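Tertiary structure, described
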Amino acid sequence: MYYFVSDIHLGAGSSKQSQRTEDAFCRWLDMVAEDATAIYLMGDIFDFWFEYRRVVPKGYVRVLSRLSELTRKGIDVVFLTGNHDMWCYDYFEQECGVKIFRKPQIIDIAGYKYHLAHGDNLNIKDKPMLRAMNAFFRSSVARFLFSWLVHPDLAMRFGRWWSGKSRKSHNGDEITPESLKFLIEYAKSHHTTHGDVATYIFGHMHYPHYYRDENIDVLFMSDWSGDSAIYCVVDDSGEPQLKTFTIDETVS
């Protein structure tokens, strides 16, 4: 089985909320480990992550331990960075055995090709400010300056403030299937030029949805801030599904 999950936002909210999310995510990892061939972490797993060459953020020990155990068992764990956790170097690869990708990936499952992406920087030609911000924050120059000019304690404080501010600014937004149109249009355009790819999986929008027409399937996963989370699973026959995982207060 192949599992896909996004927008956990570990570290977001109060200490109690953060622990609740981490507990739930650890339980989910334990659950899927029973039959997983590969697990794809599709961005914004952390609410903020900035990795210095010899310093990484405090916390998340249980999650990082779970990821290390999974890779040691021979399960492929792949991390496609999102807009909240794009600033990572090689910690996940070196310490946890997790493969890191910073661009959309096309994978093969049972002879079918799947396009995977977080989705934050796709089809945004009509949003110049967002394009400029994406280009700046993803630049090696910005990462270098931030790492050399900002003390880690200040970096974490600023990053969590910025991530929280960004998240709160969208809390009042009403997300509907229409809101997903820009990524669906991206998938249609991509399929036109890459006809062998017909299934697209995205996160980022925090709105679970399954779009299907005669040519493509587009699946969107939810975030983990509510009472349940929607993730994606593809069985060995290549059939994609959206499934629900209940988030509760059980300590993992």
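Computed from a prediction, not measured in an experiment: that's the story for all the values here.

Here the focus is the pairing of strand 7 (residues 197-202). Of all 6 residues in strand 7, 5 are buried; the element is thus mostly enclosed. By the bridge criterion, 5 bridges tie strand 6 (residues 112-117) to strand 7 in an arrangement that is parallel. Note that in strand 7 the partner of A117 across the bridge is F202. Here 4 bridges tie strand 7 to strand 9 (residues 217-220), and the two strands are oriented parallel to one another. When the sheet's bridge partners are listed, I201 is paired in strand 9 with L219.

Enumeration according to the criterion identifies 21 aromatic pairs in this entry. Aromatic pair W28 and W224: ring centres 6.4 Å apart, planes at 90°, arrangement edge-to-face. On the criterion of sequence distance, the pair formed by W28 in helix 1 (residues 15-32) and W224 in the loop between strand 9 and strand 10 (228-234) is long-range, its members being 196 residues apart. W224 sits in the buried class, given a relative accessible area of 2%. Here the aromatic rings of Y91 and F92 are separated by 5.9 Å at their centres, their planes lie at 80°, and the arrangement is edge-to-face. Judged by its relative accessible area of 22%, Y91 falls in the partly exposed class. A relative accessible area of 2% places F92 in the buried class.

One can describe the packing of helix 1 onto helix 2 (residues 61-72) by two numbers: an axis separation of 9 Å at closest approach and a directional angle of 10°. Overall, the two elements helix 1 and helix 2 adopt an arrangement that is roughly parallel. The handedness of the crossing between helix 1 and helix 2 comes out as left-handed. Between helix 1 and helix 2, the residues in contact are Q19, E22, D23, F25, C26, L29 and D30 and V61, R62, V63, R66, L67 and L70, respectively. Counted by class, the contact of helix 1 with helix 2 contains 7 nonpolar, 1 polar and 5 charged residues.

Taken in spatial order, the 5 strands make up an open sheet running 5-6-7-9-8, and their pairing is mixed. Where the open sheet ends on each side, the last strands, each with one partner, are strand 5 (105-109) and strand 8 (209-212). Sheet twist, expressed as the average angle between the axes of neighbouring strands with direction ignored, equals 20°. In the packing of helix 7 (residues 181-193) onto the sheet, contacts are made with strand 5, strand 6, strand 7, strand 8 and strand 9, and the angle to strand 7 comes to roughly 155°.

Secondary-structure assignment places P208 in the loop between strand 7 and strand 8. Assessed through its relative accessible area of 34%, P208 is described here as partly exposed. Not counting residues up to four positions away in its chain, the partners in contact with P208 are F220, M221, S222 and I230.

Overall, mixed pairing links the 6 strands, which are arranged 4-3-2-1-10-11 in an open sheet. At either margin of the open sheet sits one strand with a lone partner, and together these are strand 4 (99-101) and strand 11 (240-246). Between one strand axis and the next, the sheet turns through 25° on average, direction left out of account. Most of the contacts of helix 1 go to strand 11, to which it runs at about 130°, and overall it touches strand 1 (2-5), strand 2 (38-41), strand 10 and strand 11.

Within the largest apolar cluster, 35 residues are counted, with the highest numbers of intra-cluster contacts made by F25, W28, I39, L41, F46, F92 and W224. Listed by contribution, the elements that provide at least two residues to this core are strand 1, helix 1, strand 2, helix 2, strand 3 (76-80), helix 3 (91-96) and strand 10. Setting aside residues no more than four positions away along its own chain, W28 makes contact with Y3, V5, I39, W224, Y231 and F245.

Parameters at a glance
- Residues numbered from 1 in each chain as written.
- Predicted model: local features only at pLDDT ≥ 70, side-chain atom pairs only at ≥ 80, totals over all residues.
- Heavy atoms only, no water.
- Buried < 20%, exposed > 50% of the residue type's maximum accessible area, 1.4 Å probe, protein only.
- Helix = DSSP H or I, 4+ residues; strand = E, 2+ residues; numbered from the N terminus.
- Pairing = 2+ DSSP bridges.
- Phe/Tyr/Trp six-rings, centres within 6.5 Å; stacked < 30°, edge-to-face > 60°.
- Axes fitted to C-alpha atoms, helices over the stretch in contact; angles between N-to-C directions.
- Parallel < 35°, antiparallel > 145°, perpendicular 65-115°, else oblique.
- Left-handed = near helix turned anticlockwise from the far one by under 90°.
- Contact = heavy atoms within 4.5 Å.
- Nonpolar A, V, L, I, M, F, W, Y, C, P; charged D, E, K, R; others polar.
- Core = buried A, V, L, I, M, F, W, Y, C linked by side-chain atoms within 4.5 Å.

None of the figures reported here should be taken as evidence of function without further support.
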